Each structure stands twice: as C-alpha cells, then as structure tokens.
Amino acid sequence: MAPKSTAARSSPKSSTPNGTPAKKTTVQSTPNNPPYPSYDYTSTGVRDTNILNLSSNDWQTVGAITIIALFVRLFRIYQPSSVVFDEVHFGGFASKYIKGKFFMDVHPPLAKMLITLAGWLAGFNGDFDFKDIGKDYVEPGVPYVAMRLLPAICGVLAVPTMFLTLKASGCKTFTSAMGAGLVSFENGLVTQSRLILLDSPLVIFTALTALSWVSFTNQHELGPKAAFRPAWWFWLAATGVGLGATASVKWVGLFTIAWVGSLTALQLWILLGDTRNVAARIWFKHLFARIFCLIVIPIMFYMAMFAIHFLCLVNPGDGDGFMSSEFQSTLNSKGMADVPADVAFGSRISLRHHNTQGGYLHSHTHMYPTGSKQQQITLYPHKDENNVWLVENQTQPLNLAVDPTGNTTVPGPLAWDTISPENVLDGSLIRLYHVTSDRRLHSHDVRPPVTEAEWQNEVSAYGYQGFEGDANDLFRIEIVKSMSDGKAAKERLRTIQTKFKLVHVMTGCVLFSHKVKLPDWGFEQQEVTCARGGTLPNSVWYVENNQHPQLQADAEKVNYRDPGFFGKFWELQKVMWTTNAGLVESHAWDSRPPSWPVLRRGINFWGKDNRQIYLIGNPLIWWSSTAAIGVYLVFKALAVLRWQRNCDDYSYDTFKRFDYEVGQTVLGWAFHYFPFFLMQRQLFLHHYFPALFFAIMALCQTWDFVTNRVGSFGGFVPGVKDKPAVGMVGGTVFLAASIVVFGLYAPLAYGNMWTKNECKSVKVLETWDWDCNTFHDNYAQYSLLTPSAGSGAAAQTSPAAQGGPAPPVADDPKADVHVTPQHKQPYISDDAAHAGISGMEDGFVEEKVEYRDEEGNLLDEEQVRALEEEGGISFSTKYETRTRLVDQYGNEVFGDEEEESRAGDAGVVGTSIKGVDPETANARGEADASAVPPNAAVGEDVRKERSVEANVEGTAEPESEVGKETGRDEL
C-alpha cells in the first residue's frame, strides 16, 4: 500500500509545483541513455494567443468599444469650468514646468510632464496658478479641456487594453468585450480620468504592463520552441518599458514590479527543472534576458524621465528649499562665484545650516515678543544682506603703530581690515557681529519664545554701535572632522568644506535649528536656539560666502561641487522618500484599505451651483469584482486541501489553467492592495484603482471559465460549456445592469443636475457621505439659476483648498440663518457707494451654522440636541465660508479699514505681519536695544518674506501632506 500511496501523491504534486502547469515526458531507453522522467516546461492546455494575430472581427470589436469609451470619458469634459480637487497641484505643476521653476513633489514626473505637454501644445503659458479649488478657468483663458484630455485619453485606452489583456489570457471575444465594458462604465475610473490627475495615467501604464506580461507568459508557456523568438523578445521588452512607465508616474509602480518579479522568479524556477531542454547555458540566457528587460530597461526609462525633469526645471522655485546647497547651485541664479577658501578674523561670512535646508543664519530689527525681547535670530531661505556676519576674535588686535608697548588695541569690528589675515582655527573663540544692525550673536539662560524646553536657550542679537559686547557673545569653533572635506578643512575654518559647531562658551549649549517655524511675528522663518545636547545634524553649520579686504585676488578659491545628474537624481529620490513617509496627517476624505473592496466611502471632489462631483465607484462592478477575488481564494483553499488528500484535480487541464491564469491575476490584485496596510500615511479610495483593474480581470476570467471551459462542476452539476448562448445572455444582462447603475450615479461623475430624491434613492450605504441637500428638489429650479463664475466660484470653494474639498453646503433656508445685530455702522467705500450700496445705522451679520459628525454627515437640530444631552461631545469649527461684497462689474468692494489693511498686506498669504517698533520696544523697557537707531532696513526682508507663500506652492493639498509642503498624496 505504501508504494501506491507515494505514486498517487507524486503525480499531481510533481507535475504542478504551486499549481503551475508542466508537461511530463519519458525519454526512450538506450544503452547510454537509461529511461527517466523529464519535465518539459511547455504548459498543457495552452494555445498561442498572441494579440498581434487577432482576427479582423476582434479588431472591429476593439474599435467599437473604444468609440463607446471615448463618448463616456469625454462627455461634457468641459464641466466644471473651475479647478477641481487635486487639479490644484497637478495643474500647478504644469505651470511650473512651463516657467521652468523647480518644485518638489512626492511623485515621479512622467504623468505631470505629459499633462504639461498637452497644455503647452494647446497654448498654455503657465500664468494661471491653479491655487484654489473652484478658481475659474474660462475668464483667464486656461486650456483646461486640453489638459484634461490627456488623462481622459489614458482612461479611454484602458478599455481596449482590458479587452486585449483578456484575449491574451485566453478568454473568448464576448468575455473580453464584457470586461472592456465594465471598465468603460466604472464610475470611479470615469470620474478620475476626466480631471487633471495622475491616477488615469497610472492605471493605463499598469494595464499595458499587465497586457505585455500576460502576452509574454503565453509565449513562455508555449515551451522551448517559442523561446527567444521575436514575439517572445517583444513582449518581454514591452513589459520592461511598461514597468518603467508605471514607476515613473507613481511609486505604486513598485507594486507592479513586485508582481512581475515574483512571477519571473517562478518561471526561472520551473526552467531550472527542465534538465532536458534547458541546459545551464540556456538557463543563464533566460536569466540575463529577464535581467536586461525587466530591470535594466525600467531603470533606464525611470532615470530618463528625471533627466527630462531636470532639463525642464532650470530656475529656482518654491521646491529648491528641500534640496541641498550643491543641488541648488545647479539652478539658474542660484550658483555663486568662487569664494576665498580660508576664513580669517574680519571676514564677512554667511552661515548656512547643514541639516534642515532652512537657510542662512539671519537677523532683522524686529524683537522677540517674549523672553529677553531682544532682536530676533532666524534661518532665512534667501540670500540677503541681513545674512552677513563679521568674524571677530575674542580680543581686539594690538595697535603697535600707536603704542609699541602692546597696551593699546584697535577698537571696533573693522579692526582686522588693515592687518594680515589670521585664519580661524579649530577651537578658536569668536564673536559674530551682525553688520547691518550693529549687534552680536548672543545667548543666555532664557527660554526661546516657541520651543520652551529646559534644554533650549534663546539666541538673540544684542548690543549697539560702539558697544564692545559681553561674555555671552563668545562662541567656540568645534570642527566636525568626520563631515569636513579635506585635511585643511579639518584643521581650520574653510568655506563650504568645513562643517562645524558653534558652542556657547558661557552655557555650553550649541547653536541649533530645527524644522519649527516662528509665528507671524517672526515672518514664519525657522527658529534658531542654543541647545544643550542637541542632535548633531541640527547643530552643524558651514560658511557659504566669505569676503575679506586683505585677501588678494590670487587667494585660493572654492565653490560647491557639481553633483552631476546621478547626484541630483539620488538626492531627489531620498527627499521624495522622506517626504512621502511623513504624510501622516489626517484628511477629511481619507479612508483605510479595509474599506476599499466594499466601497465604503468615496471622496468629495467639488461642489458648486447645486451640483457636485464625488468619487464613488460603480457598486455592482465593484462588489462583483471583490466577490470574484473571494471565489478564487475559496477555490484555492479547497484545491490545496484536496491536493493534500491525494485528489487528482491537477490532472485536469481546465483545473490547472484556472488555478494559474486567475491566480496570476489575483496575485496582481494582492500586490496592489495589501502593501497599503503597512502604510500609516494618508490614503484615499483612488489608491485602489490599479487593484480594481486586476479584480475586474479576475471577474471576467472566472466568468469565461464558468461559461466556456468547465464541462461540469464536481462531476455532478452540468456546466454551460456546450450552451454558449447561456453565457452570452448572462454576460449581457450583467453588463446592461452595470450600465444602468452607472447611469444612476453618473451625475456625481459628470457634475450634472440631480434632485434630492434621486440622490437619496441611490444612497445604498450610510457611509456614502455626499450631501443630497446640495441638489435642488426638481430640475426646473436649475433653469432659474445663473451659474456663478470666476471669483464667485473661488470664493465658494476656496476654504476646501485649505484641507481638502469641504462637504457641499446645503441650500440656505432663511430659517437656518441667524442674524446678529451690529451696532456699529459699517464702513462703505467709494466703490460701494457708486454701486448703490449704502450702510445702515445698525448693521447685521448673517451666519449659518451646520453641524456634522466625524464622517461629514449633516446633523439636524434634534440629533445635535441628543448628542449634547448625552454629554462628552464637543464641536469645533472645521470650515468657515466668508461672503464677499462685489459691485455690478464683479469687482470686490472693501470698506475703508479693510481696504487699508488689504493694501498693506498685498502679497501676503495668511495673517498680516506686523513687526515690533524698536522705539516703542525701548519704551517698554528693552534696555538692550540700540541707543543709536540701527542702520539695517528690513523693508527688503519683509518684502521677500511676503512674496514667499506661507506654504510651498506645489503642496499636496487638498490631499496633503507634510504640513502642506509637498505634492501631494501618496505613493
């Protein structure tokens, strides 16, 4: 009995390792060749399904479904005619590409450059900034339709790609057409492909990679006879190009690489077992072919996209602050002339922080509002005269010309200008004199105004012209030898090459900075403190600029090293990775991976004029594809159990093909879904789209097996293989039902008119949190309204741009409006008076308060009252909409006080900045302020700060992300 059992177990196991089909042959016996079993890696039940050999009827079908997809994707693509959701970022990036301004985004550049190309070809000049959700496109003449066409065409191409992929996997034409139809009428894919977003290019490149890989797998499974033929090479190389393109759109492409890589490893493992047909030389040929096509080609493609990226972005922009000084020096106007290498006493230097890229050690004649109330010290990201410091020795030089006895010194900070330069050595005690304000860098045992930690001391500028300073101005140079470049730089202070710490002599703390911004009174510049036990990277400084009157023209000069392409490329990858890992802030519309397969929640993209765009999938397609994944997992579990019980299931070709073909697709779904469980960053429903594509594939493959290949189920239930009409009727009904469901939710995809009752009738899940009160009660009410334009739209939706699109505001019945009397007569400007607007003796302020739960659902008064009675509930203001006053021409009208404030704050993003008046500061008792009015003008400093946006312009709002400093979302 034992031998029999062994034979029974070996047959299915050996012939199908991990369910992979293989053909077993027996070699004929000869005297020199004894009989033994051999495994030919040709798969049984496989036929050549190369899509390059499709029939004319199949290509006609491709044409028909592509035309349908064009209509579905391009229908009213011009609406809405204002900025929607993440068009804020990706449209803004197109502006920067055209202007050549460097920006930092967490996504690779391919899709952004394609969108830019579409806009540029349509005449876009980059002047529109895409800053606010709802900002009008029409009035400034933005070719937004052309820019939206690029993602839309990508969405259209995904439809025939699905058809061709299913054909390459062996499915019937009807099943392939059904799969293409499901992609065409999937609401989420339609919504995402009609806007200036990256997910549609990501899906098409993922789909093209899947098509190429499935086609290559088919060629591989044909066995040794098909290896290394032109079709074999073509599809393998095409897979590599697809992998490179997918990874060049978003790093989600790494999941596609992992999928292909795992299946490649399986193929090589099977090849290793075919000792008759695959000699060692042939196996290594297979190996190196795959290394070149699936590793070298994708890397070359990916790097080529960044090479183009660097060629386009040659000017400084709001993203260069993320990069190193060496990187920044490669940008136009950011480079600098060669500077003297050795730093001497009397040198005028600028100090730069090594770790945070926050900028230069900086001071301006504004005082701290708390603590010592002395002059502020900050990090400032731009070159400026207020960054210049003069290096003083701890003692003044001797005036031997006047007093040969050496008892007289040369007074003042300019004492070193007339003597031979003396180098600053490791361990030297120095003072740093701020040239424009006549104060010295100073620290004392006073807590900083922002980081009020015991281990942090305040750093200030202290003194006045003619003041000799005190002991708290002394700092010791400590060169960090491990970070300094060259022997000389480890011994004495050298420009750029020496990295050093400044240790405060009296307290032992070290000059320190970290990524903490000062409030408005500090112009949102970076905080500088003196830290006891601060981390090394944040305590390291270096000299960038260096001038001395006594240094000759032939003095040794240095400059930043040119990092070259590879240096810039690698640095940008590290910055992208670090930034992406920091996207952990919550978002109003984020969701977690467990909710995606069941379509628990969508994303609110846009709302205006009683219409709304809300990203939600087609529930019938979504849930059916998830069910197909579940069916395969149950099948696989039962197959493994039956295999362990020595059942002979794997001897049937149909069983093996279902396991391998559908299993390959489900593995693609798993690789594009489960990695998100490991991420703590912001995630959104659209992150599931690549996985959804694979799920729809699995659904169609399962349907094809059930209706066209399975003769019976378990030998008891007859199949419909011999009744193709049954499968076609069932598929037609399912596709028709999917189209009907698509139509039910289409107003949310296109931003069309809808009524409240229609909206409520299709709201299947309570977690679908679009607001039906946004819409009118009937369609007649839409014809009575004139759509708001330009500025009005921006005013309505701009608050959403601060933290994601706000839930659409419901109609504003008078019963919900609270009128608060204002006993002060409002100011009315001349413009308002000419417009026929007059003030009232007693003004009124209208305000409408809405209460929503944590998921954005609108609460009525009874629900709010019930929650308050339960206790433990608190409400906080999340969105605030302000009403603007406009004249008959649409121009905004301000009151006199507001007009004055507006003029004063021109160019300021956020709260206006008001500095401390040194004279009033002295009146409050700040004895340390200069008795002589400082000669440093801060007007230029203020102007530059106001010209810099409070957050990086290309930030990943509304999905963002790292304090609103980068691009946006996600992998």
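Note that the structure is predicted; figures quoted are calculated from it, not measured. (Residues numbered from 1 in each chain as written. Predicted model: local features only at pLDDT ≥ 70, side-chain atom pairs only at ≥ 80, totals over all residues. Heavy atoms only, no water.)

1. Observations concerning the overall build of the protein chain
Rules: Only runs of H or I of at least four residues qualify as helices and only runs of E of at least two qualify as strands under DSSP, and these elements are numbered from the N terminus. Exposure is judged per residue with a 1.4 Å probe applied to protein chains only, and the accessible area is read against the type maximum: over 50% gives exposed, under 20% gives buried, and values in between give partly exposed. Only heavy atoms matter for contacts: two residues are in contact if any of them lie within 4.5 Å across the pair. Surface accessibility follows the Shrake-Rupley procedure with a 1.4 Å probe radius. Residue values consider only the protein chains on display as shielding.
Looking only at helices and strands, one finds 25 helices and 24 strands in the protein chain. With 971 residues in all, the protein chain has 53% of them scored as buried. Put simply, of all contacts in the protein chain between residues at least 6 apart along the chain, 74% involve residues at least 24 apart. Carbon and sulfur atoms form 58% of the exposed surface of the protein chain, whose accessible area is close to 42500 Å².

2. Observations regarding the environment of F345
By the element assignment, F345 lies in the loop between strand 3 (339–340) and strand 4 (348–353). Overall, the relative accessible area of 3% leaves F345 in the buried class. In the structure, F345 is positioned 74 residues away from I419 in sequence and 9.8 Å away in space, judged by C-alpha atoms. With sequence-adjacent residues up to four places away left out, F345 is seen in contact with V391, E392, N393, W416, E422, N423, V424, S428, L429, I430 and H548.

3. Some thoughts on the side chain of Q525
Applicable threshold: Polar contact criterion, stated in full: a pair of N or O atoms within 3.5 Å, where within protein one must be able to donate a hydrogen and the other to accept it, and residues adjacent in sequence count only if both atoms are side-chain atoms.
With respect to the helices and strands, Q525 occurs in the loop between strand 13 (510–517) and strand 14 (526–531). A polar contact of 2.4 Å, which involves the side chain of Q525, links it to the side chain of T378.

4. Concerning the state of the cysteines
Note the threshold: In this description, a disulfide is simply a cysteine sulfur pair whose atoms lie within 2.5 Å.
Counted by the stated rule, this structure contains two disulfides. Sulfur-sulfur distance for the disulfide between C509 and C530 comes to 2.0 Å. Residues C509 and C530 are joined by a disulfide whose S-S torsion is about 100°; by sign, that bridge is right-handed. Taken as a pair, C509 in the loop between strand 12 (500–504) and strand 13 and C530 in strand 14 lie far apart in primary sequence, 21 residues in all. Here C759 connects covalently by a disulfide to C772, the sulfurs 2.0 Å from one another. Disulfide C759 to C772: torsion about the S-S bond roughly -75°, handedness left-handed. Placement of C759 in helix 18 (residues 756–761) and of C772 in the loop between helix 18 and helix 19 (780–783) is noted, with a sequence separation of 13 residues between them. Here C759 falls in the buried class, since its relative accessible area comes to 0%. Ordering the disulfide-forming cysteines of the protein chain by sequence position, one finds them joined as 1-2, 3-4.

5. So, the nonpolar core
For the record, the criterion: The set of buried Ala, Val, Leu, Ile, Met, Phe, Trp, Tyr and Cys residues whose side-chain atoms join them within 4.5 Å is what this entry labels a nonpolar core.
Membership of the largest hydrophobic core comes to 158 residues, with the highest contact counts inside it found for F130, F605, W669, Y688 and W770. Every residue in contact with W770, bar those within four places of it in the chain, is listed here: Q612, Y614, I616, Y745, L748, W754, C759 and K763. Counting residues in hydrophobic clusters, the runner-up holds 30 residues, among them L351, W416, V528 and V543.

6. Topic: the packing of helix 2 (residues 56–74) against helix 5 (residues 144–168)
The following threshold applies: Every axis corresponds to a line fitted to the C-alpha atoms, with the helix fit spanning only the stretch in contact, and the corresponding angles, defined between N-to-C directions, vary from 0 to 180 degrees. Any angle that is under 35 degrees is reported as roughly parallel, and any over 145 degrees as roughly antiparallel; angles of 65 to 115 degrees are reported as roughly perpendicular and all others as oblique. Crossing handedness follows the turn of the near helix against the far one: under a right angle anticlockwise gives a left-handed crossing, and clockwise gives a right-handed one. Ten residues, namely Ala, Val, Leu, Ile, Met, Phe, Trp, Tyr, Cys and Pro, are considered nonpolar, four, namely Asp, Glu, Lys and Arg, are considered charged, and the remaining ones, Gly among them, are considered polar.
Packing of helix 2 against helix 5 brings their axes to within 9 Å, and their N-to-C directions diverge by 150°. Taken together, the axes of helix 2 and helix 5 are roughly antiparallel relative to one another. When you trace helix 2 past helix 5, the crossing you get is right-handed. Contact residues: helix 2 offers D58, W59, T61, V62, I65, T66, A69, L70, R73 and L74, while helix 5 offers L149, A152, I153, G155, V156, V159, P160, F163, L164 and K167. Here the residues of the contact of helix 2 with helix 5 are counted per class, giving 14 nonpolar, three polar and three charged.

7. Observations concerning the pattern of salt bridges
Short version of the rule: Every case where a carboxyl oxygen of Asp or Glu lies within 4 Å of a side-chain nitrogen of Lys or Arg is listed as a salt bridge.
Applying the stated criterion across every chain, the model contains 29 salt bridges. A salt bridge links E221 to R657; the nearest nitrogen and oxygen atoms lie 2.9 Å apart. Here E221 is found in helix 8 (residues 199–221), whereas its partner R657 is found in helix 15 (residues 653–671), with 436 residues between them in sequence. For the pair formed by E221 and R657, the shared burial category is buried. For D769, the salt bridge is made with R601, and the minimal N-O distance between the two is 2.7 Å. Of this pair, D769 sits in the loop between helix 18 and helix 19 while R601 sits in the loop between helix 13 (564–581) and strand 17 (603–608), placing them 168 residues apart in sequence. On the basis of relative accessible area, D769 is assigned to the buried category, the value being 3%.

8. As for the confidence of the model for the protein chain
Note the threshold: A residue's pLDDT is the predictor's confidence in that residue, given on a scale from 0 to 100.
Within the protein chain, residue pLDDT values average 80, and 76% of them lie at 70 or more. Of the regions scoring below 50 in pLDDT, residues 1–38 engages in 58 contacts with residues more than four places distant in sequence or in other chains. With pLDDT under 50 throughout, residues 788–846 is counted as low confidence; its partners more than four residues away or in other chains account for 128 contacts.

9. Thoughts on unusual backbone geometry
Of note, the amide linkage connecting Q79 to P80 takes the cis form, showing an omega dihedral of 0°. Tracing the backbone shows P80 in the loop between helix 2 and helix 3 (87–99). Positive phi is not limited to glycine here, since F228 has a value of about 65°. Within the fold, F228 resides in the loop between helix 8 and helix 9 (230–249). Of note, the phi angle at F523 is positive, near 60°, even though the residue is not glycine. Mapped onto the secondary structure, F523 falls in the loop between strand 13 and strand 14.

10. Some remarks on the packing of helix 15 against helix 16 (residues 689–709)
Running from N to C, helix 15 and helix 16 cross one another at 165°; their axes reach a closest spacing of 7 Å. Between helix 15 and helix 16, the interaxial angle falls into the category roughly antiparallel. Regarding helix 15 and helix 16, the two cross each other, and that crossing is left-handed. Touching T654, R657, F658, E661, V662, T665, V666, G668 and W669 of helix 15 are A691, F694, A695, M697, A698, Q701, T702, F705 and R709, all from helix 16.

11. A closer look at the pairing of strand 7 (residues 389–393)
Operational definition: Between any two strands, pairing holds if DSSP finds at least two bridges.
Here strand 7 lies mainly inside the structure; five of its five residues are buried. What you see with strand 7 is no split at all: W389, V391 and N393 on one side and L390 and E392 on the other are buried throughout. As paired strands, strand 4 and strand 7 are joined by two bridges and run antiparallel to one another. Following the sheet pairing, I349 is matched in strand 7 by W389. Bridge analysis of strand 7 against strand 8 (residues 429–434) gives five bridges, and the strand direction is antiparallel. Each residue of the ladder has a partner; that of V391, found in strand 8, is L432.

12. Things to note about helix 2
Each turn of an α-helix holds 3.6 residues, which means side chains three or four residues apart point in the same direction. Put simply, the rule reads: In a helix, the anticipated span is given by 1.5 Å times the number of residues less one. Here, the arc refers to the directions that run from the helix axis to the C-beta atoms.
The end-to-end C-alpha distance of helix 2, which contains 19 residues, comes to 27 Å, matching closely the 27 Å that a straight helix rising 1.5 Å per residue would cover. Considered for burial, the residues of helix 2 that qualify are D58, V62, I65, T66, A69, V72 and R73. Viewed end-on, helix 2 has its buried residues packed into an arc of 125°, placing them on one side of the element. Exposed side of helix 2, more than 90 degrees from the buried face: S56, N57, Q60, I67 and F71 are the residues found there. Its buried side turned inward, helix 2 meets helix 5, helix 6 (173–184), helix 7 (187–193) and helix 17 (724–750). Immediately beyond the C-terminal end of helix 2, within one or two residues, lies R76, with a positive phi of roughly 50°.

13. A short note on the pairing of strand 8
When you tally the buried positions in strand 8, you get five out of six residues, the bulk of the element. With two bridges joining them, strand 8 and strand 11 (residues 475–479) adopt antiparallel strand pairing. If you follow I430 over to strand 11, its bridge partner there is F475. Looking at chain direction, strand 8 and strand 9 (residues 439–444) are connected through two bridges and run antiparallel. Among the inter-strand pairings, Y433 is bridged to a residue of strand 9, identified as R440.

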